[in-house]
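Coordinates in review
Each chain is listed here by its residues.
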Amino acid sequence: MTAPPNIVMFMADQLASRALPVYGHPVVKTPHVDAMAARGVVFDNCYAGFPLCAPSRFSMLSGQLGSTIGAWDNAAEFPSEIPTVAHYLRLAGYSTCLSGKMHFVGADQQHGFEERLTTDVCPSDFSWTATWDEPERVHEWFHTMKIAASGGLVAHSLALDFDEESTHQSLRRIYQWARQGKNRPPFFLLHSMTHPHDPYVTTRQYWDRYRHEDIDLPAVPWIPPAGRDPHSRRLFHNYDRGEYKMDDEKIRNARHAYYGGISFMDDQIGKLTAALADTGLLDNTVLLFTSDHGDMLGERGLWYKMSFYEGSIHVPLVVSFPRRFAPRRVGRNVSLLDLMPTLVELGGGNPRRDFVEPVAGRSLAGLLKGEDRDWDDVAVSEYLGEATPAPYVMVRRGPFKYTHCDADPPQLFHLEDDPHELNDLAADAGHAKVRDAFAAEVRRRWNFGELAARILLSQRRRTLTCRALSRGRHTAWDYGPPFDASQQYHRGHLGYRETEDRDLLPYPGGGKT
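All of the points below concern the structure found in this document. Being a predicted model, the structure only gives us computed values, none of them experimental.

Here we take up helix 9 (residues 248–278). With 31 residues, helix 9 should cover 45 Å at 1.5 Å per step; its first-to-last C-alpha distance of 45 Å lies within 8% of that length. Burial analysis of helix 9 places 23 of its 31 residues in the buried class, which makes it a mostly covered element. Two residues or fewer after helix 9 comes Gly280, characterised by a positive phi angle close to 75 degrees.

Shown next as structure tokens:
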């Protein structure tokens, strides 16, 4: 009987797929992701379920839309009762481990992961709650254009501290699994980095991988607020507000540093992939690479995420497991919500049989094998956080993308003909039938009045709760990883030679290169 494969999932943060060579970028350097893609299946049209960090991750882990599980914004609690991919794989006999960022909000900081190796880089409380009752309020935690305008070189950063620690802990865990030999269960490691998320800064080592004059400027230049769609105008008020002026050099500095951050991220993937190879684990390990959402990087004058334009919502997805899947590219529309049932199936489970309730995600196992005849070519996303006065949704079906918000006119783009989304077809008489079909579909999928009421009530509850918990003694939900030094390295209650032999990991093939 074939042993179940190990699964290692690499997750970047705020990584625009268009900034990767595997999706056509001519400047950025990612040799390790490129190598994974050369041996794997590349999905050309993968979308986040929500263009914001925490809700995207919650929907990805659960295979459910944010509106189903209450993932409204970056301070929405992820309910402990919601099954995740870690729960299902753990039931299937996997050792499940999380290292790095996941932005869990609430008292449950593991959500099915047997081990969590690091703390998080984001708060686990309700302090980042959106407030639709106060549409003009500018919270202190909102992005500002200072972040983009001051992009460039640094000696070090908080993000580097965090990702270096996460990589170190993941490497140690890989070696520990390898030392278990035949007694080792299959493992699922989710290694989640905070690069290349803003701030747009990088060190000299990574800055110097690129010639500054080679850094490309946005394909779609600045669009004045008056010429933007209503949601983009609200984003301007949310983070731009005119305090900092972006000229070409500042844009190039920010993108240069962002590309350096991508190369740093790629190096971390290289270190972990090398460890899997050096320990003989790689051959039976599924490698998966993705991001929670993208980054507009100055396109149209927009930065960060929170938008349904391609730079914000389109994400990379690469799956490499040559033992089962031949290298290919897949053009169908897929979603991060599809990863949960996919990984459960790759781990030997049966989503139709094992799941306690239907999920929005669909297993990609058939597409990985080149079978796409029965695939419903659609991807769905939501945005329910700050900078919108009402639920904002997107449906990508075939070559078309449709967006809807009760407060705004709809948008319709034909992405094959118009990849930069400059020609809104929603008011075009020749596309009225397509527009009306999408409008009917979103009404079938969502009850917007009921959804808005649920979001507002949650915001009010969390705002009050956060105010109350900020008074008196503070009890944190933030995760503190356990650390027992008495069981590390050489200790008196353990035999010296026994410890040395136990932790010495031979090279596969007897040390021959």
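Let's shift gears to the environment of Leu171. Inspection of the secondary structure assignment puts Leu171 in helix 6 (residues 158–179). Beyond its immediate stretch of four places on either side in the chain, Leu171 contacts Lys271, Leu272 and Ala275.

Attention now goes to the sheet that holds strand 14 (residues 400–405). Ordered in space as 12-13-14-15, the 4 strands form an open sheet in which the pairing is antiparallel. The outermost strands of the open sheet, each flanked by one partner alone, are strand 12 (378–383) and strand 15 (408–414). Pairwise comparison of adjacent strand axes, ignoring direction, gives a mean angle of 10 degrees for this sheet. Across 5 bridges, the pairing between strand 14 and strand 15 is antiparallel. Across the sheet, Cys405 pairs through a bridge with Asp408, a residue of strand 15. Most of the contacts of helix 14 (residues 432–445) go to strand 14, to which it runs at about 55 degrees, and overall it touches strand 12, strand 13 (392–397), strand 14 and strand 15.

A few words on the side chain of Ser157. If you trace the backbone, Ser157 turns up in the loop between strand 5 (152–153) and helix 6. On the basis of relative accessibility, which here comes to 15%, the residue Ser157 falls in the buried class. From its side chain, Ser157 meets the backbone nitrogen of Leu160 in a polar contact 3.1 Å long.

Moving on: unusual backbone geometry. When glycine is set aside, most residues are seen to have a negative phi, and most peptide bonds are trans. Look at the link from His195 to Pro196: it is a cis peptide, with omega at 0 degrees. Mapping Pro196 onto the fold places it in the loop between strand 6 (187–192) and strand 7 (201–202). Residue Pro199 is bonded to the preceding Asp198 through a cis peptide linkage, with omega at 15 degrees. Residue position: Pro199 is located in the loop between strand 6 and strand 7. One non-glycine residue with positive phi stands out, namely Tyr304, at about 65 degrees. Relative to the helices and strands, Tyr304 resides in the loop between strand 8 (285–291) and helix 10 (310–313). Residue classification places Tyr304 among the buried residues on the basis of a relative accessible area of 0%. If you check the backbone angles, Glu421 has positive phi at about 55 degrees while not being a glycine. In this fold, Glu421 is placed in the loop between strand 15 and helix 14.

What follows covers the packing of aromatic side chains. Scanning all chains against the criterion turns up 23 aromatic pairs. Ring geometry for Trp177 against Phe187: centres 4.0 Å apart, planes inclined by 5 degrees, an arrangement best described as stacked. Of this pair, Trp177 sits in helix 6 while Phe187 sits in strand 6; the two residues are 10 residues apart in sequence, bridging distant segments of the chain. Comparing Trp177 with Phe187, the two get one shared label, buried. When the centroid spacing of 6.2 Å and the interplanar angle of 50 degrees are considered together, the rings of Tyr309 and Phe413 count as tilted. Taken together, the residues span a long stretch of sequence, with Tyr309 in the loop between strand 8 and helix 10 and Phe413 in strand 15 at a distance of 104 residues. Comparing Tyr309 with Phe413, the two get one shared label, buried. Taken together, the aromatic side chains of Tyr200, Tyr210, Tyr239, Tyr258, Tyr259, Trp303 and Tyr304 make up a single cluster linked through ring pairs. Over the ring of Tyr210 we find Lys29, and its NZ or CZ is 5.5 Å from the ring centre. A cation over an aromatic ring shows up here: Arg300 above the ring of Tyr309, its NZ or CZ 3.9 Å from the ring centre.

Rules used in this analysis
Residues numbered from 1 in each chain as written. Predicted model: local features only at pLDDT ≥ 70, side-chain atom pairs only at ≥ 80, totals over all residues. Heavy atoms only, no water. Helix = DSSP H or I, 4+ residues; strand = E, 2+ residues; numbered from the N terminus. Expected span 1.5 Å × (residues − 1). Buried < 20%, exposed > 50% of the residue type's maximum accessible area, 1.4 Å probe, protein only. Contact = heavy atoms within 4.5 Å. Pairing = 2+ DSSP bridges. Axes fitted to C-alpha atoms, helices over the stretch in contact; angles between N-to-C directions. Polar contact = N/O pair within 3.5 Å; in protein donor to acceptor, adjacent residues only side chain to side chain. Phe/Tyr/Trp six-rings, centres within 6.5 Å; stacked < 30°, edge-to-face > 60°. Lys NZ or Arg CZ within 6 Å of the ring centre and 35° of its normal.

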